[in-house]
Every structure is written in structure tokens, then in C-alpha cells.
Amino acid sequence: MRRVVCPGSFDPVTNGHIDIIGRASGLYDEVVVAVLINITKKSLFTVDERVQMLSEVTASYGNVRVERFHGLLVDFCAANGISAVVKGLRAVSDFEYEMQMAQMNYRLAKIETLFMTSNPLYSFLSSSLIKEIAKYGGDVSGLVPEVVRAELQVRLNELE
Ligand code: PNS
């Protein structure tokens with residue numbers, strides 16, 4: 001089975017992420033979306049909440065499953081029979097860091113990284129910007145799934 005991992009923080013998932021996941025699902029037998037458990041990084045949503053939202057918005061793809069991981073991505077790949085990572089590239093500014101990680105993952109465990117150029121409709125999108133826009137009352141509809149828009153509203157109201 002050809003299986004690929006789409007790793008990230010997904011705090012929260014955006015339409016840009018979904019575009020990459022959906023396109024990868026057409027190329028591979030199975031796409032594993034892996035949410036990083038990072039206790040040192042402050043997040044708006046818990047890992048459980050991020051996994052729940054991702055599961056909901058990828059449910060229509062029969063070959064996508066959502067998992068969580070901590071530690072090295074290459075160890076997660078080894079434990080799950082995965083030999084390739086798929087990443088979206090929004091702009092040249094993404095490339096430098098992504099290339100460094102790709103080369104390190106290959107050096108560590110011969111894990112390949114495939115870059116997919118993001119849909120231009122979403123190339124300006126990031127989870128951090130979405131959180132900032134939502135925090136100050138901006139409209140994020142069309143940029144994140146409806147369930148994420150609603151959850152952002154709830155969480156930001158709780159924090160007020
Ligand atoms: O959405 P993000 O935060 O940009 O995703 C970054 C992620 C999770 C892909 C990256 O930080 C990662 O793979 N972390 C796991 C730890 C690891 O393997 N580090 C070495 C990378 S070469």
C-alpha cells in the first residue's frame with residue numbers, strides 16, 4: 001500500500017491544508033494526517049480538538065485517517081509503514097525551512113518529502129493569521145471550514 005503522511009500543528013486546520021490533503025488522497029492509497037503533540041508550543045486548540053476537527057473535515061475522503069504523534073516524524077513514519085511526507089509550499093519563503101527538514105528526514109531515515117504547490121486561492125493562508133483575524137473580529141469564512149470558523153468563535157469568546 002502506498003501511504004503518505006501529511007504532518008503539522010493544524011491549530012486550526014485551514015482550507016489550504018484541506019486542499020493539500022485532498023490532492024494527496026488522489027495520489028496515494030492512504031493519507032495519514034499526523035498532528036504534532038507539542039507541549040512546549042502554546043496552542044489555541046487542544047490536540048484532541050484539532051484531531052476532531054480534522055477528522056470531521058476530511059471524512060468525505062475514504063482514504064484519509066487522522067493520527068497524533070510526538071517525537072520525531074521519522075519515528076512516526078517507521079511505526080506506521082510510511083516512506084514519504086507530503087508538504088504544501090505556499091511561497092518561496094516556505095522553501096528554505098522545508099528543504100532543511102526534508103533533507104534531515106532523508107538523512108535520518110531515508111524518508112522522502114514531496115512538495116505540492118498550494119492552490120493560489122489559499123497561498124496567503126496560515127493558521128496563525130486565521131487566529132489573528134478571528135481574534136479581532138475579522139471574517140474567516142471561506143478560508144477555514146465552517147466547523148472551524150464556529151469553533152474559533154467559541155474558543156475566542158471563552159478567552160475574552
Ligand atoms: O504545521 P507546522 O507546525 O509547520 O509543522 C511542523 C512539523 C510538525 C511538520 C515539524 O515540526 C515536525 O516534523 N516535527 C516533529 C519533530 C521532528 O521530527 N523534528 C525534526 C524535523 S527534521
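Quick caveat, the model's predicted, so the values are computed rather than measured.

## Brief notes about the site of the ligand
Then, number 1: If you check the shell around the ligand, you find 13 residues, and the closest are Gly 8, Ser 9, Gly 71, Leu 72 and Leu 73.
Then, number 2: The separation between an oxygen atom of the ligand and a polar side-chain atom of Ser 9 is 2.6 Å.
Then, number 3: Leu 73 is positioned with one of its backbone polar atoms (N or O) 2.8 Å from an oxygen atom of the ligand.
Then, number 4: Contact with the protein chains covers 71% of the free accessible surface of the ligand, which is 550 Å².

## Regarding the pattern of salt bridges
Then, number 1: Under the criterion given, the structure shown has 13 salt bridges.
Then, number 2: For Arg 155, the salt bridge identified is with Glu 49, shortest N-O distance 2.6 Å. Placement of Arg 155 in helix α6 (residues 146–159) and of Glu 49 in helix α2 (residues 47–57) is noted, with a sequence separation of 106 residues between them.
Then, number 3: Residue Arg 155 is classed as buried on the basis of its relative accessible area of 14%.
Then, number 4: The partly exposed category is assigned to Glu 49, whose relative accessible area is 24%.

## Some points on the packing of aromatic side chains
Two numbers describe a pair of aromatic rings. These are the distance of the centres and the angle of the planes.
Then, number 1: In the structure shown here, the tally under the stated rule is two aromatic pairs.
Then, number 2: Arranged with centres 5.4 Å apart and planes meeting at 45°, the rings of Phe 69 and Phe 76 form a pair that is tilted. An identical accessibility class is assigned to Phe 69 and Phe 76; each is buried.

Calculation rules
- Residues numbered from 1 in each chain as written.
- Predicted model: local features only at pLDDT ≥ 70, side-chain atom pairs only at ≥ 80, totals over all residues.
- Heavy atoms only, no water.
- Near = heavy atom within 4 Å.
- Polar contact = N/O pair within 3.5 Å; in protein donor to acceptor, adjacent residues only side chain to side chain.
- Areas by Shrake-Rupley, 256 points an atom, 1.4 Å probe, with all protein chains shown as cover.
- Salt bridge = Lys/Arg side-chain N within 4 Å of Asp/Glu carboxyl O.
- Helix = DSSP H or I, 4+ residues; strand = E, 2+ residues; numbered from the N terminus.
- Buried < 20%, exposed > 50% of the residue type's maximum accessible area, 1.4 Å probe, protein only.
- Phe/Tyr/Trp six-rings, centres within 6.5 Å; stacked < 30°, edge-to-face > 60°.

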